[in-house]
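Here's the letter readout for the chains.
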Amino acid sequence: MAKILEAKYLFVEGSYLKDKAVLFDKKIIAINSKKNLLKISPNAKVTNFSGNSVIYPGFINPHTHLEFSANSATLKYGSFIEWLYSVFENRDTLVKELTKEKLNSAISQMLKSGVTTFGAISSFGADLEACKNAPQRVVYFNEVIGSSPAMVDALFNDFKMRLKESQDIADDKFYPAVAIHSPYSVHPILLREVIKIVKEQNLMLTAHFLESKAEREWLEEAKGDFKELFENFFKTSSPVNSIEGFLSAFKEQKTLFTHCTQAKKEEIEQINSSNSSVIHCPRSNRLLNCGKLDINSVKNLLLGTDGLSSNYSLSILDELKSALIMHTEIEPKELALNLINAVTTNASKALDIKVGKIEKEYFADFAIFTLPDDLANTSDGSIALQSIINCNQADAIFIDGERVNF
Ligand code: MCF
Ligand code: FE
């Protein structure tokens, strides 16, 4: 049966419509006044969210690592290279400590914060079942990682197996996709072969890119903190990719690049011109001391929490608050609206899924929030700002047109 949701504000095409409602079944049918919608569908079940309620398209967190959900204080924060050493040291233990409960609690944290679609970077497939059973829509990014030439074949085969396993259970709530870990950790042959598969099968693609100063120094000059790490762990003293070489492999391939905190304007422009986007993970970047993304140069900006491997919560509302406070160079109302667009409209553009917009034929995925008081200023920027600072949890969530308990 068709349903109608009515609230004080409805977030449509980057602005807040007043006293409008949305008609939907599994997908959105129309946006209009309740009165007009009832003419289209007289028997629709109407739910009115009273007070200062806002209906948003369900938020999108395109970048997390659920397999690291057992971490709270095991991994070392404060320096990227120390964090990386601590990942090598503790990864096996963290994977052993990973339980269904921990995976589900991470998924539920995202849901409570209004996230109805998330992107999970999966390194081993240990999160496959939890992602398949999640209430949300999931883009399941099978990760490829490995810089040693001797390991290329084995790693490629393992990747293909995981990809296939996820493709066997694909549906309109579960989208198999590909993650290339980073320029320092993926051998160029592996890179080339995996991108070939991505293109042939038209898969969504993501990659970590230019996250730390150490990464940049290693890729450009083969020195710095990464040198010692690579010599110790991988017995090599030169990087497998250059920055240009890595980027050129992604030419004409729409990609979600994560971090880019150490990217130069020209590199961001190259990303912009290939229709790709940048996933900003401000808390992860701060905690690993990686610097701050120049968000003004990014054409399509997204916002992600990263995993509990480099963050203290998976709430997208916490991430929005941090981003708002961190980018002091941008006027708060303008920034707030940009950030709301990052978790909705922009993410919608980046993913090949009809989510992140309240628009006809899009999936009926919604997150409803309530602001505590009548707003003195009802400009779009002001509503966005008040939403970010006042909301800590969604009031209601709909996915595929059905209300979800959380
Ligand atoms: O985004 C953060 C920091 N940058 C890179 N990788 C990861 C992050 N959180 C988890 N990871 C994972 C990554 O997917 O760490 C592993 C990879 O599997 C080791 S990095 C050599
Ligand atoms: Fe990450």
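Further up the page is the structure itself.
This structure is a prediction, so every number in the text was calculated from the model and none was measured.

**A closer look at the sheet that holds strand E6 (residues 45-48)**
Paired through backbone hydrogen bonds, the strands of a sheet run either parallel or antiparallel to each other. Read across the sheet, 4 strands follow the order E5-E4-E1-E6 without closing on themselves; strand pairing throughout is mixed. Edge positions in the sheet fall to strand E5 (28-32) and E6, since each of these pairs with one other strand and no more. The sheet shows a mean angle of 20° between the axes of neighbouring strands, taken without regard to direction.

**Observations regarding helix H10 (residues 265-273)**
Listing the buried residues of H10 in full gives Glu267, Ile268, Ile271 and Asn272. All buried residues of H10 project into a common sector of 145° when viewed along the axis, lining one side. Every exposed residue of H10 that faces more than 90 degrees away from the buried side is listed here: Glu266 and Ser273. On the buried face of H10, the contacting elements are strand E12 (205-209), helix H7 (213-221), helix H9 (243-249), strand E13 (256-259) and strand E14 (277-280). Just beyond H10, the residue with positive phi is Asn275, at close to 70°.

**A few points about unusual backbone geometry**
Where the residue is not glycine, phi is negative for most of them; where a peptide bond is considered, it is trans in most cases. Positive phi outside glycine occurs at Asp19, with the angle close to 50°. Take Asp19: it is sitting in the loop between strand E3 (15-18) and strand E4 (21-24). Judged by relative accessible area, which is 52%, Asp19 ranks as exposed.

**Focus: the sheet that holds E3**
Pairing is mixed across the open sheet formed by 6 strands, whose spatial order is E3-E2-E7-E16-E17-E18. Strands at the two margins of the open sheet, each flanked by one partner only, are E3 and strand E18 (402-404). On average, each strand axis in the sheet is tilted by 30° relative to the strand beside it, whichever way the strands run. Sheet topology places strand E16 (residues 366-371) next to strand E17 (residues 396-399); 3 bridges connect them, and they run antiparallel. Across the sheet, the residue bridging to Phe366 is Phe398, located in E17. The strands touched by helix H15 (residues 380-390) within the sheet are strand E2 (9-12), E3, strand E7 (52-57) and E16, with E3 carrying the most contacts at an inclination of about 100°.

**What to know about the site of ligand 1**
Near ligand 1, the surroundings consist of 16 residues, among which Glu143, His208, Glu211, His259 and Asp306 are the closest. Within the side chain of Ser123, one N or O atom sits 3.2 Å away from an oxygen atom of ligand 1. Between a nitrogen atom of ligand 1 and a side-chain N or O atom of Glu211, the distance comes to 2.7 Å. Computed on the free molecule, ligand 1 has an accessible area of 470 Å², of which 98% lies beneath the protein chains in the complex. Looking at the shell around ligand 1 element by element, the count peaks at 4 residues for helix H2 (residues 80-96). When grouped by side-chain class, the residues that make up the shell around ligand 1 number 5 nonpolar, 7 polar and 4 charged.

**Considering the coordination of the iron ion (ligand 2)**
Protein coordination of the iron ion (ligand 2) is provided by His63 (NE2), His65 (NE2), His208 (NE2) and Asp306 (OD), with donor distances spanning 2.1 to 2.3 Å. Taken in sequence order, the residues that donate to the iron ion (ligand 2) follow the motif H-x1-H-x142-H-x97-D. Here His63 is found in strand E8 (residues 59-64), whereas its partner His208 is found in strand E12, with 145 residues between them in sequence. His208 carries the same exposure label as His63, and that label is buried.

**Focus on the pattern of salt bridges**
Counted by the stated rule, this structure contains 24 salt bridges. In this structure, Lys292 and Glu329 form a salt bridge, with 3.4 Å as the shortest nitrogen-oxygen distance. Residue Lys292 is located in the loop between helix H11 (282-287) and strand E15 (301-303), and its partner Glu329 is located in the loop between helix H12 (316-326) and helix H13 (332-342); the two are separated by 37 residues in the primary sequence. Look at Lys292 and you get partly exposed, because its relative accessible area is 36%. Owing to a relative accessible area of 43%, Glu329 belongs among the partly exposed residues under this scheme. Residues joined in a network through salt bridges with shared partners are Arg216, Glu220, Lys264 and Glu267.

Each value, and the rule that gives it
Residues numbered from 1 in each chain as written. Chains lettered and ligands numbered in written order. Predicted model: local features only at pLDDT ≥ 70, side-chain atom pairs only at ≥ 80, totals over all residues. Heavy atoms only, no water. Pairing = 2+ DSSP bridges. Helix = DSSP H or I, 4+ residues; strand = E, 2+ residues; numbered from the N terminus. Axes fitted to C-alpha atoms, helices over the stretch in contact; angles between N-to-C directions. Buried < 20%, exposed > 50% of the residue type's maximum accessible area, 1.4 Å probe, protein only. Arc of directions from axis to C-beta. Contact = heavy atoms within 4.5 Å. Near = heavy atom within 4 Å. Polar contact = N/O pair within 3.5 Å; in protein donor to acceptor, adjacent residues only side chain to side chain. Areas by Shrake-Rupley, 256 points an atom, 1.4 Å probe, with all protein chains shown as cover. Nonpolar A, V, L, I, M, F, W, Y, C, P; charged D, E, K, R; others polar. Donors = N, O, S within 2.8 Å, 3.2 Å for Na, K, Ca; no water. Salt bridge = Lys/Arg side-chain N within 4 Å of Asp/Glu carboxyl O.

By themselves, these figures tell us nothing about what the structure is for.
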